[in-house]
Amino acid sequence: MTNNGNPLFTRRKLLLGFGLGATAVATGCTTGPRAKVSVAPYPVERGIEPKYVSMYGPVFDEGYRIPAVDLKRVDPRFYRQEVADPTGEKPGTVVVDTSKYYCYVVMPGGRAMRYGVGIGRAGFAWSGRAKVQWKRKWPTWTPPREMIAREPSLAKYADGMEPGLANPLGSRALYIFQGGKDTLYRLHGTPEYWTIGTNSSSGCIRFMNQDAIDLYDRVKSGSPLVVTQIGIA
């Protein structure tokens, strides 16, 4: 990849071993019905808008129950919201601004859906232009051999950790390729919603599980992706 003369997008060496590895060859992905959201068990917190209580309430999805987010533990600026598009990219493009812990999905009419994200060490290791090669619901996670060497307790997952709430990839994963090659860069869910807006110890770009589902439904396989470490005005 070349940077096309744009200093915002530079290729940096990927830190192998911190990426969350793909676990199977690409298969066709289709987007099914949106997950069912149940709000009743989660009370309205004082000072939190009801729409966010609904947005981050319990989710029943593909046989899994995702607990409600404790919104008091997440900075409100990282709640999912539609904003004026600051990226200048074409609709359908996914833009990750690692400096501000935001991810945007560009929409028509100068608008974008913005999500708060957490950035792991691997998330800071790469920037540039690529594409979403494929997507997966409730993905399996396979730790790289280098990670197993550092943490032998992970050897039991050498053939893959089954999907579920404890899985590091959470409810959804988007797999990023460049020039036909896996970058090991992932956009994925996490049960650790309190890490949104922070530097996480591992992984790439993590979303609250409710946001990962919304992202999955908005982004098509083959969509362009831009990652910048410099920031978007």
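Here, every reference points to the structure presented above.
One structure accompanies this document, and this report is about it. (Residues numbered from 1 in each chain as written. Predicted model: local features only at pLDDT ≥ 70, side-chain atom pairs only at ≥ 80, totals over all residues. Heavy atoms only, no water.)

1. Let's talk about the pairing of strand E13 (residues 224–228)
A regular strand carries its side chains on alternate faces of the sheet.
Link 1 in the chain: Within E13, four of the five residues are buried, leaving the element largely enclosed by the surrounding structure.
Link 2 in the chain: Pairing of strand E5 (residues 94–97) with E13, which is carried by four bridges, proceeds in the parallel orientation. When the bridges of E13 are listed, Val96 appears paired with Val227.
Link 3 in the chain: Alignment of strand E9 (residues 128–137) against E13, held across four bridges, turns out to be antiparallel. Within E13, the residue paired with Gly128 across the bridge is Val227. (Buried < 20%, exposed > 50% of the residue type's maximum accessible area, 1.4 Å probe, protein only. Helix = DSSP H or I, 4+ residues; strand = E, 2+ residues; numbered from the N terminus. Pairing = 2+ DSSP bridges.)

2. Some points on the nonpolar core
Link 1 in the chain: Ranked by size, the top nonpolar core spans 47 residues in total, and within it Leu71, Leu187, Ile205, Phe207, Leu215 and Leu225 carry the most contacts.
Link 2 in the chain: Looking at which element gives the most residues to this core, the answer is strand E6 (residues 102–107), with six residues.
Link 3 in the chain: Not counting residues up to four positions away in its chain, the partners in contact with Ile205 are Val96, Thr98, Val117, Gly118, Ile119, Gly123, Tyr185, Arg186, Leu187 and His188.
Link 4 in the chain: Of all hydrophobic cores here, the second largest spans ten residues; its members include Trp141, Met147, Leu154 and Met161. (Core = buried A, V, L, I, M, F, W, Y, C linked by side-chain atoms within 4.5 Å. Contact = heavy atoms within 4.5 Å.)

3. Digging into the pairing of strand E11 (residues 181–190)
Link 1 in the chain: Among the ten residues of E11, seven are classified as buried, and the element is accordingly described as predominantly covered.
Link 2 in the chain: Across six bridges, strand E10 (residues 172–178) lies against E11 in antiparallel orientation. Its bridge partner lying in E11, Gln178 is registered against Lys181.
Link 3 in the chain: Linking E10 to E11, which pair antiparallel, is a turn of two residues; within it Gly179 sits at a positive phi near 60°.
Link 4 in the chain: Bridge count between E11 and strand E12 (residues 205–208): four bridges; the pairing is parallel. Residue pairing in the sheet places Gly189 in a bridge with Phe207 of E12.

4. With respect to the side chain of Gln229
Link 1 in the chain: The residue Gln229 is located in the segment after E13 in this model.
Link 2 in the chain: Gln229 gets classed as buried once you look at its relative accessible area, which sits at 16%.
Link 3 in the chain: Here the side chain of Gln229 touches Trp126 through a polar contact of 3.4 Å, landing on its backbone oxygen. (Polar contact = N/O pair within 3.5 Å; in protein donor to acceptor, adjacent residues only side chain to side chain.)

5. Focus on the packing of aromatic side chains
Link 1 in the chain: In the structure shown here, the tally under the stated rule is ten aromatic pairs.
Link 2 in the chain: Geometrically, the ring pair formed by Tyr52 and Tyr79 is tilted, given 4.9 Å between the ring centres and 55° between the ring planes. With Tyr52 in helix H1 (residues 50–55) and Tyr79 in the loop between strand E3 (64–66) and strand E4 (81–84), this residue pair connects regions lying 27 residues apart in the sequence. Taken individually, Tyr52 and Tyr79 each receive the classification buried, so the pair is uniform in this respect.
Link 3 in the chain: One aromatic cluster in this structure is built from Tyr52, Tyr56 and Tyr79.
Link 4 in the chain: When the ring centre of Tyr102 is taken as reference, the NZ or CZ atom of Arg114 above it lies at 4.1 Å.
Link 5 in the chain: Lying over the aromatic face of Tyr216, Lys135 brings its terminal NZ or CZ to 4.1 Å of the ring centre. (Phe/Tyr/Trp six-rings, centres within 6.5 Å; stacked < 30°, edge-to-face > 60°. Lys NZ or Arg CZ within 6 Å of the ring centre and 35° of its normal.)

6. Section: helix H3 (residues 209–218)
Link 1 in the chain: Among the ten residues that make up H3, nine are buried, leaving the element largely enclosed by the rest of the structure.
Link 2 in the chain: For H3, the set of buried residues is Asn209, Gln210, Asp211, Ala212, Ile213, Asp214, Leu215, Tyr216 and Asp217.

7. As for the pattern of salt bridges
Pairing is possible between side chains that carry opposite charge, provided their charged atoms lie close to one another.
Link 1 in the chain: Inspection of every chain in the model, using the stated rule, returns eleven salt bridges.
Link 2 in the chain: Note that Asp75 and Arg77 form a salt bridge whose closest N and O atoms lie 3.8 Å from each other.
Link 3 in the chain: A relative accessible area of 38% places Arg77 in the partly exposed class.
Link 4 in the chain: Residue Arg111 pairs with Glu82 through a salt bridge whose shortest N-O separation is 3.1 Å. Of the two residues, Arg111 sits in strand E7 (residues 111–116) while Glu82 sits in strand E4, which places them 29 residues apart along the sequence.
Link 5 in the chain: Owing to a relative accessible area of 42%, Glu82 belongs among the partly exposed residues under this scheme.
Link 6 in the chain: A single network of salt bridges, built from pairs that share partners, joins Arg80, Asp211, Asp214 and Arg218. (Salt bridge = Lys/Arg side-chain N within 4 Å of Asp/Glu carboxyl O.)

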